Amino acid sequence: MPRPATGSVVANATKGGVTYALRFRANGERQYVTLGTMAEGWTRQKAEDELLLVLAQVRRGVWRPPAPAPDVEIQRDPTFHEFASAWWTSKRLELQPVTRPAYENELTGHLLPFFHRHHLSQITVAEVDRYRAHKLAEGCLAAETINKHITRLAQILEDAVEYDLIPKNPARGKRRKLKVSRNRPVHLDSAEHIAVLLEAASDLDRGASGGRRTVGRRALVATLEFAGLRASEAGDLDWRDVDLAVGRIDVGRAKTDASFREVDVLPTLHDELATWKATTAWSGPDDPVFPTATGGRRDKDNIGKRIAKVVERADELLIARDLTPLPQGVTPHKLRHTFASILGALGKDPAYIMGQIGHTDARFTLRVYTHIMKRGEQERANLRALVEGRDWAPMGSNRKETPSPEHDPLDPRNDESPADAGLSMSGSDGTRTRDLRRDRPAL
């Protein structure tokens with residue numbers, strides 16, 4: 001009867017730290033297998049677990065010695081074309097399909113035409129600055145775009161540093177990049193403006209020529225305003241990601257784990273999505289929530305164009321009513337700021353807001369949070385009432401009004417009839433702003 005397989009963990013102290021290995025018998029011979037260093041994540045416990053696995057394979061007769069690492073010869077001073085081409089071949093598989101075209105354009109359309117004959121040792125700080133000046137002189141690209149090129153160059157050269165092909169990365173550092181003038185922040189955080197965007201979307205939906213299959217602008221606007229999705233995320237959203245019974249939207253399910261988040265559905269958005277699901281011809285679990293006329297998936301550019309039409313119509317409505325138009329620069333991305341402002345008005349803390357919008361920059365969240373806190377209590381109350389489906393201050397005036405103690409517009413008991421309260425201008429049909437509701441089909 002053969003002896004039971006036994007072995008031990010070996011820990012060797014080296015200049016690079018502790019290195020773990022396994023010593024055991026297999027195939028009638030003594031075996032010694034190096035696992036790795038502490039810097040590579042190996043610990044005593046992890047090595048013990050690996051030993052148990054190896055011994056189990058030995059007992060079953062399936063253990064085989066690990067294959068030797070391939071002997072890869074690295075050219076000591078390759079050209080940028082050679083190194084960047086190899087970098088792209090391996091890197092492109094790690095990128096999301098929507099990201100690859102941007103990387104490829106930066107590399108093949110800009111960096112390679114300039115640096116392709118440079119050996120890595122010839123790419124100096126001066127050469128990086130010369131590339132920046134060359135792109136500026138062409139006059140075709142914005143400073144922010146040129147900075148993205150330099151970021152990509154630094155990313156490629158960082159690998160060259162790790163391979164000991166160059167001593168340092170000449171493209172790193174803020175001084176390599178151009179100064180970018182930041183646009184004035186766009187804060188679309190008044191109940192009046194948020195409501196008129198929805199009204200404008202309804203107008204465009206009613207005027208659509210393709211019937212119910214081509215509408216959905218209102219539901220799209222509501223999702224961007226009240227859930228803070230990116231345009232690409234809204235385009236990727238399927239009905240299986242929307243759980244109206246629980247009140248949750250799963251965002252980024254098809255992407256990486258890092259991009260996945262769960263967004264709580266606010267009351268107004270729940271009604272909008274329920275109405276849209278009952279209306280659209282594409283309501284199956286795997287159908288896009290915001291499909292094209294043929295049931296296809298919209299991309300971020302298509303969604304951006306649809307929102308631009310809604311913004312244009314909203315400005316027409318506001319100007320016709322002698323009201324302040326929307327701030328310039330309203331895009332789907334700016335509506336994420338709107339969602340953050342709404343959550344701030346609801347009293348949510350910044351950590352919760354960050355989780356809901358899927359943002360890792362606490363400074364952004366705090367800026368939006370601070371901005372909405374500077375708004376008057378009446379405006380914040382209007383936002384809360386709008387989201388929760390209660391009456392809010394009527395549109396049509398830009399002055400502040402102080403409610404009397406006997407008649408608090410935020411008290412749900414004050415549910416006057418339109419004849420008593422007067423008509424709001426938030427709807428083209430003269431309806432009140434209560435919950436922004438339209439006639440909705442039964443589900």
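Conventions we followed
Along each chain, the written sequence defines residue order, and numbers are assigned to residues from 1. Only residues with pLDDT of 70 or above have their local features reported here, since the model is predicted, and side-chain atom pairs are shown and tallied only from 80 upward, although totals for entire chains, interfaces and linings are computed over all residues. As a convention, hydrogens and water are excluded, and side-chain values are obtained from all of the structure's heavy atoms. Helix and strand definitions follow DSSP, with helices as H or I runs of at least four residues and strands as E runs of at least two, each counted in order from the N terminus. Throughout this description, buried means an accessible area under 20% of the type-specific maximum (1.4 Å probe, protein chains only), exposed means over 50%, and partly exposed covers the range between. Whether two residues are in contact is decided by their heavy atoms, any of which lying within 4.5 Å being enough. Each accessible area is a Shrake-Rupley result for a 1.4 Å probe, and residues are judged covered by the shown protein chains and nothing else. Whether two strands pair comes down to DSSP finding at least two bridges between them. For every element, the axis is a line fit to its C-alpha atoms; helices are fit only across the contacting stretch, and the angle between N-to-C directions ranges from 0 to 180 degrees. Note on aromatic pairs: the rings of Phe, Tyr and Trp (six-membered ring only in Trp) are paired at centre separations within 6.5 Å, and the planes decide the class, stacked below 30 degrees, edge-to-face beyond 60, tilted for the rest. Two conditions define a charge sitting above a ring: the NZ of Lys or the CZ of Arg must be within 6 Å of the ring centre, and it must be within 35 degrees of the ring normal. Directions are taken from the helix axis to each C-beta atom, and the arc is the one they span. Here a polar contact means two N or O atoms within 3.5 Å. Within protein one must be a hydrogen donor candidate and the other an acceptor candidate, and residues neighboring in sequence count only if both atoms are side-chain atoms.

Colleague: Would you take a moment to explain the overall build of the chain for this structure?
Modeller: In terms of helices and strands, the chain carries 15 helices and six strands. Put simply, the chain has 443 residues, and 42% of those count as buried. By sequence separation, contacts in the chain at least 24 residues apart represent 62% of the contacts at least 6 residues apart. Surface exposure of the chain reaches about 24900 Å², of which carbon and sulfur atoms provide 51%.

Colleague: Where do I start with the sheet that holds strand β2 (residues 17-26) in this structure?
Modeller: By way of backbone hydrogen bonds, the strands of a sheet pair with one another, either parallel or antiparallel. The strand order across the open sheet formed by three strands is β1-β2-β3, and the pairing between neighbours is antiparallel. The outermost strands of the open sheet, each flanked by one partner alone, are β1 (7-14) and β3 (29-37). Sheet twist, expressed as the mean angle between neighbouring strand axes with direction ignored, is 25°. Where β2 lies against β3, eight bridges are found, and the strand directions are antiparallel. By the bridge assignment for β3, R25 is matched with R30. Sheet strands in contact with helix α1 (residues 44-60) are β1, β2 and β3, and its direction is about 20° off that of β2.

Colleague: Which parts of the structure should I look at to understand the pairing of strand β5 (residues 248-251)?
Modeller: A regular strand carries its side chains on alternate faces of the sheet. The sheet contact formed by strand β4 (residues 242-243) and β5 spans two bridges and is antiparallel. Bridged to D243 within β5 is R248. Hairpin connection from β4 to β5: four residues lie between these consecutive antiparallel strands, with G247 at a positive phi of about 85°.

Colleague: What is the right way to read the packing of aromatic side chains from this model?
Modeller: Geometry of an aromatic ring pair is reported as the spacing of the ring centres plus the angle between the planes. One pass over the full model with this rule turns up six aromatic pairs. Summarising the aromatic geometry, the rings of F83 and Y163 are spaced 6.3 Å apart at their centres and angled 80° between planes, so their arrangement reads as edge-to-face. Taken together, the residues F83 in helix α2 (residues 80-91) and Y163 in the loop between α5 (143-162) and α6 (191-206) connect sequence positions 80 residues apart. Among the residues examined, F83 registers a relative accessible area of 10% and is labelled buried. By relative accessible area, Y163 is classed as partly exposed at 46%. Note on F115 and Y131: the rings are 5.4 Å apart at their centroids and 35° apart in plane angle, and the pair reads as tilted. Here F115 is found in helix α3 (residues 100-115), whereas its partner Y131 is found in helix α4 (residues 125-138), with 16 residues between them in sequence. By the burial criterion, F115 is buried, and Y131 matches it. The ring of W42 is capped by K46, whose NZ or CZ atom sits 4.5 Å from the centre of that ring.

Colleague: I tried to follow the sheet that holds strand β6 (residues 261-264) on my own but got confused; where do I start?
Modeller: Strand order in the open sheet made by the three strands is β4-β5-β6, with antiparallel pairing throughout. Taken across any chain shown, the strands that pair with only one partner, and hence form the sheet edges, are β4 and β6. Pairing geometry for β5 and β6, over four bridges, is antiparallel. In the sheet register, I249 faces β6, and the bridge partner there is V263.

Colleague: For this particular structure, what's the right way to read helix α12 (residues 350-357)?
Modeller: Along an α-helix, a turn takes 3.6 residues, which lines up residues three or four apart on a common side. Regarding α12, the residues found buried are I353, Q356 and I357. Down the axis of α12, the sector holding all buried residues measures 85°, keeping them to one side. Near the N-terminus of α12, the side chain that reaches the backbone nitrogen of A351, with its oxygen 3.0 Å away, is that of D349. G358 sits one or two positions beyond α12 and adopts a positive phi of about 70°.

That's the geometry; what it means functionally is another story.
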